[in-house]
Amino acid sequence: MKFRKENGCIGAVLVFLLVLGLLVPILVVSVTGLPTNQMMLVGEPIENTTFSSISSDAPNEAMLPGGIIHSEESGVYMIRNTSDLTTVNQSIAIDSFLSFSDNFSYNFSYLTNQNLTIDSGWTRLDPTAWVFRFIGNDVDVYANINPFTGKVVEFHSRWHGPSPYVREYNGTNPMTKDDIEESALSFLNDFDYSLNPNARYIGPEVEYDIGFVSHYVYSLRYFNVINETIVWGNVVTLHLDIKTGEIVDFSYSWTYIPSIPMQNSISSQLAESSAANYIAGLSEPTEARIQSSSLIFGNGIGEDGDGTYRLVWAVTVASDTIGTIFVDAISQEVISVQQNTLTSKILQPPAFQLHLLVIISLPSASLAILAFVVSRRRIWISNKQEDGPN
């Protein structure tokens, strides 16, 4: 076979297609970014639900006060300082809960005639709550009271023996979704609890736990999400008896945070890269694989201790020694490493990025197929083909 000019052109085309096929994925990644392990946020914005009627920008008495949010090159943070706030005394806090349970007995029929009395051995004042246990005839009731307003922010019951309200559940809900949510809305209205417009709602879901009054309950949860960032620890939880819709367990844990500066925050890809570099730089080799990442505004992360919120990426790692690596969302610095992993009802595993895989692979695959077709059409011309048959 003698080299022909046409062969040279075809060879150049094939080389060009091969090089272009290799460059396309690199160009696509440079534009769209590397695939990310960022967790997905689920739930409905509160404004799209029946609970929009009690949505309010203003803080309510169940919420803890926040603070000034600072945005600097070193990070976004907020210091919650309650040292200058006046605390309600113990007797006022106790009366607040007894009034709570007595005045709305139709919401808590299981507490009727229980003669709740304070267990003084359990009483304590934490920085963010008065904590009490009340002893009844057949049940103990645990309660937390906002120490600055006297508002009830949590309660749950534990029976002396089997609960008389255990329900059977065969997979068919005794109440409709509308009825369940109406019962929850009535409770929040009756007790004057509002929900922040940045709340995101999940529910109702059927859950089972022997700690509940009725074992099977409907669970409703409201999370705080600002600019796709979770305010970690801000969650309102209601558990309703599966038959009557009564509230059997309640928690309102919420620090008032109206907004979070996000303009200089890094991407999940950069945060995961920082976590990977941290793992690679450990003195002892560690088998670890990055699983997911979540953007959170959390309390007590790093050396600041409890009371300071920081904007961070929580990068979850599959490892025997590392659970979560916290990367500052502004400076990209690893500020804390913990053995435990973050879990929440509002977080779902990252979706498989099929669209990105298609964008990356389709052009390369098309070019490869084109090159194959060109070669299969026997464009290469031999001397024998040129001279024709004998």
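Owing to the predicted nature of the structure, the values given are computational and were not obtained by experimental measurement.

Rules and cut-offs
Residues numbered from 1 in each chain as written. Predicted model: local features only at pLDDT ≥ 70, side-chain atom pairs only at ≥ 80, totals over all residues. Heavy atoms only, no water. Helix = DSSP H or I, 4+ residues; strand = E, 2+ residues; numbered from the N terminus. Expected span 1.5 Å × (residues − 1). Buried < 20%, exposed > 50% of the residue type's maximum accessible area, 1.4 Å probe, protein only. Contact = heavy atoms within 4.5 Å. Core = buried A, V, L, I, M, F, W, Y, C linked by side-chain atoms within 4.5 Å. Salt bridge = Lys/Arg side-chain N within 4 Å of Asp/Glu carboxyl O. Phe/Tyr/Trp six-rings, centres within 6.5 Å; stacked < 30°, edge-to-face > 60°. Pairing = 2+ DSSP bridges. pLDDT = per-residue confidence, 0-100.

**What about helix 3 (residues 177-190)?**
- The first and last C-alpha atoms of helix 3 sit 20 Å apart over 14 residues, in line with the 20 Å expected at 1.5 Å per residue.
- All buried positions along helix 3 are accounted for by I180, E181, S183, A184, L185, F187 and L188.
- The elements touched by buried residues of helix 3 are helix 2 (90-103), strand 10 (199-208), strand 11 (216-226), strand 12 (229-241) and strand 13 (247-253).
- Of the residues trailing helix 3, D192 is marked for its positive phi of about 60°.

**Points about the nonpolar core**
- If you look at the biggest cluster of nonpolar residues, it comprises 51 residues, and the most contacted ones within it are F51, F97, F187, Y193, L220 and Y222.
- Counting 24 residues, the second-largest nonpolar core is a separate cluster that includes V231, I279, L311 and V327.

**Examining unusual backbone geometry**
- The peptide bond linking G203 to P204 adopts the cis configuration, its omega dihedral lying at -10°.
- Position of P204 among the secondary structure elements: in strand 10.
- Of note in the backbone geometry, H215 takes a positive phi value of approximately 65° without being a glycine.
- Tracing the sequence through the fold places H215 in the loop between strand 10 and strand 11.

**Describing the environment of I79**
- Mapped onto the elements of the fold, I79 is located in strand 4 (residues 75-79).
- Not counting residues within four places of it along the chain, the set of residues in contact with I79 comprises G66, G67, I68, G307 and T308.

**A few points about the pattern of salt bridges**
- Enumeration over the complete set of coordinates arrives at 9 salt bridges.
- Taking the shortest distance from any N to any O, the salt bridge between R221 and E207 comes out at 2.8 Å. Taken together, the positions of R221 in strand 11 and E207 in strand 10 put the pair 14 residues apart, joining distant regions of the chain.
- Here D328 ties to R310 by a salt bridge, and the two come within 2.6 Å at their closest N and O atoms. Residue D328 is found in strand 16 (residues 324-328), and its partner R310 is found in strand 15 (residues 308-318); the two are separated by 18 residues along the sequence. With respect to class, D328 is no different from R310; both count as buried.
- Residues participating in the shared-partner salt-bridge network are E205, E207, R221 and K345.

**Quick look at the packing of aromatic side chains**
- Counted under the stated rule, the structure contains 28 aromatic pairs.
- Relative to F250, the ring of F155 has its centre 6.2 Å away and its plane inclined at 40°; by these criteria the two rings are tilted. One end of the pair, F155, is in strand 9 (residues 152-159); the other, F250, is in strand 13, and 95 residues separate them in sequence. Neither F155 nor F250 differs from the other in exposure class; each is buried.
- Their ring planes at 70° and their centres at 5.1 Å tell us that F187 and F250 sit as a pair that is edge-to-face.

**Examining the environment of Q269**
- Mapped onto the elements of the fold, Q269 is located in helix 4 (residues 268-280).
- Taking the C-alpha atoms as reference points, Q269 and Q38, separated by 231 residues in sequence, lie 8.4 Å from one another.

**A closer look at the pairing of strand 16**
- Buried residues dominate strand 16, accounting for 5 of its 5 residues.
- Side chains of strand 16 alternate between two faces, with T324, F326 and D328 and I325 and V327 buried alike.
- In terms of strand pairing, strand 15 meets strand 16 through 5 bridges, oriented antiparallel. Within strand 16, the residue paired with W313 across the bridge is V327.
- Taking the residues that link successive antiparallel strands as the turn, the strand 15-strand 16 hairpin has 5 residues.
- When strand 16 meets strand 17 (residues 334-338), the two strands line up antiparallel, connected through 4 bridges. Within strand 17, the residue paired with V327 across the bridge is V334.
- Between strand 16 and strand 17, which follow one another and run antiparallel, lie 5 residues, and Q332 among them has a positive phi close to 70°.

**Notes on the confidence of the model for the protein**
- Of the residues in the protein, 79% reach a pLDDT of 70 or more, and the chain-wide mean stands at 85.
- Model confidence for the protein, summarised as mean pLDDT per element, is weakest for helix 6 (residues 383-387) at 50 and strongest for strand 11 at 97.
- A low-confidence stretch, residues 28-33 stays under pLDDT 50, and its non-local contacts, those more than four residues away or across chains, total 8 contacts.
- Considering only residues more than four positions removed or in separate chains, one finds that residues 353-357, a stretch of pLDDT under 50, has 8 contacts.

**What to know about the pairing of strand 7 (residues 129-135)**
- Most of strand 7 sits out of view: 6 of its 7 residues are buried.
- Pairing analysis gives 2 bridges linking strand 5 (residues 117-118) to strand 7, with the strands arranged antiparallel. Looking at the pairing, I118 lines up with F134 of strand 7.
- Across 3 bridges, strand 6 (residues 124-126) lies against strand 7 in antiparallel orientation. Paired with L125 across the two strands is W130, which belongs to strand 7.
- Here strand 7 runs beside strand 8 (residues 139-145); their pairing, made up of 6 bridges, is antiparallel.

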